Amino acid sequence: MKNKRAVIQSLMILFSIILLAFSGCGKKGPPLPPETKGQKIAAPFDLKYTPGDKEITLSWNHKIDTETAAVKPEGFEIFMAKKTFEACEGCPFEFKTIGVVSMPSMEFYTRIEKGFKYYFRVQATGDNDMRSEYSKTVQFEYK
């Protein structure tokens, strides 16, 4: 009787260990629609800024790739995040939409104020809310 009880306890412990080992702790991403080859928009590239007195000009490029991203964008959405110089290093910040530019324009002007670090990125947009990946983020410090 003791052997049977010991075997059952051992199996329960083994089962618990296996259950814990295979339980996931990661998180799933948002659902993505299926992609057809070439049916996406290429991300903007070569994002640059030109600072002015109280404004900054952003410019970028975009290229259609007939193999992987053949959809022509209708426009571009510009995102900005800003934080003070006193903000903690590595603290998260939130990008917000600051404007939309229609094709073929690839330039955007926005006002800035001293005492902030600015972060900018651009995303191409198309029909049916189709979006590209973001461009690389550029940082500007206005002291």
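Further up the page is the structure itself.
Only a predicted model underlies this, so the values are computations on that prediction, with no experimental measurement involved.

Colleague: It is not clear to me how unusual backbone geometry should be interpreted in this structure. Could you clarify?
Modeller: Outside of glycine, negative phi angles account for most residues, and trans bonds account for most peptide bonds. Omega for the peptide link from Met103 to Pro104 comes to 5°, which places this bond in the cis form. Its place among the elements puts Pro104 in the loop between β4 (96–102) and β5 (107–111).

Colleague: Can you walk me through the environment of His62 in this structure?
Modeller: Mapped onto the fold, His62 is located in the loop between β2 (55–61) and β3 (75–84). Distance in space between the C-alpha atoms of His62 and Asp46 is 8.4 Å, their sequence separation being 16 residues. If we skip the residues at most four places from it in the chain, His62 touches Ile41, Ala42, Ala43, Pro44, Phe45, Pro73, Phe76, Met106 and Ala124. One polar contact links the side chain of His62 to the main-chain carbonyl oxygen of Ala42, over a distance of 2.8 Å.

Colleague: Hey, could you run me through the pairing of β2 in this one?
Modeller: Each regular strand carries side chains that alternate between the two faces of the sheet. Alignment of strand β1 (residues 45–51) against β2, held across five bridges, turns out to be antiparallel. Bridge pairing in β2 places Lys48 opposite Ser59. Bridge analysis of β2 against β5 gives five bridges, and the strand direction is antiparallel. By the bridge assignment, Ser59 is partnered in β5 with Glu107.

Colleague: When you look at the sheet that holds β5 in this model, what are you seeing that I'm missing?
Modeller: Pairing between sheet strands relies on hydrogen bonds along the backbone, with the strands arranged either parallel or antiparallel. Strand order in the open sheet made by the three strands is β1-β2-β5, with antiparallel pairing throughout. The two strands at the open ends of the sheet, each matched to only one other strand, are β1 and β5. The average angle at which neighbouring strand axes cross in this sheet is 20°, direction not considered.

What counts, and at which threshold
- Residues numbered from 1 in each chain as written.
- Predicted model: local features only at pLDDT ≥ 70, side-chain atom pairs only at ≥ 80, totals over all residues.
- Heavy atoms only, no water.
- Helix = DSSP H or I, 4+ residues; strand = E, 2+ residues; numbered from the N terminus.
- Contact = heavy atoms within 4.5 Å.
- Polar contact = N/O pair within 3.5 Å; in protein donor to acceptor, adjacent residues only side chain to side chain.
- Pairing = 2+ DSSP bridges.
- Axes fitted to C-alpha atoms, helices over the stretch in contact; angles between N-to-C directions.

As far as function goes, none of this settles anything; it's purely spatial.
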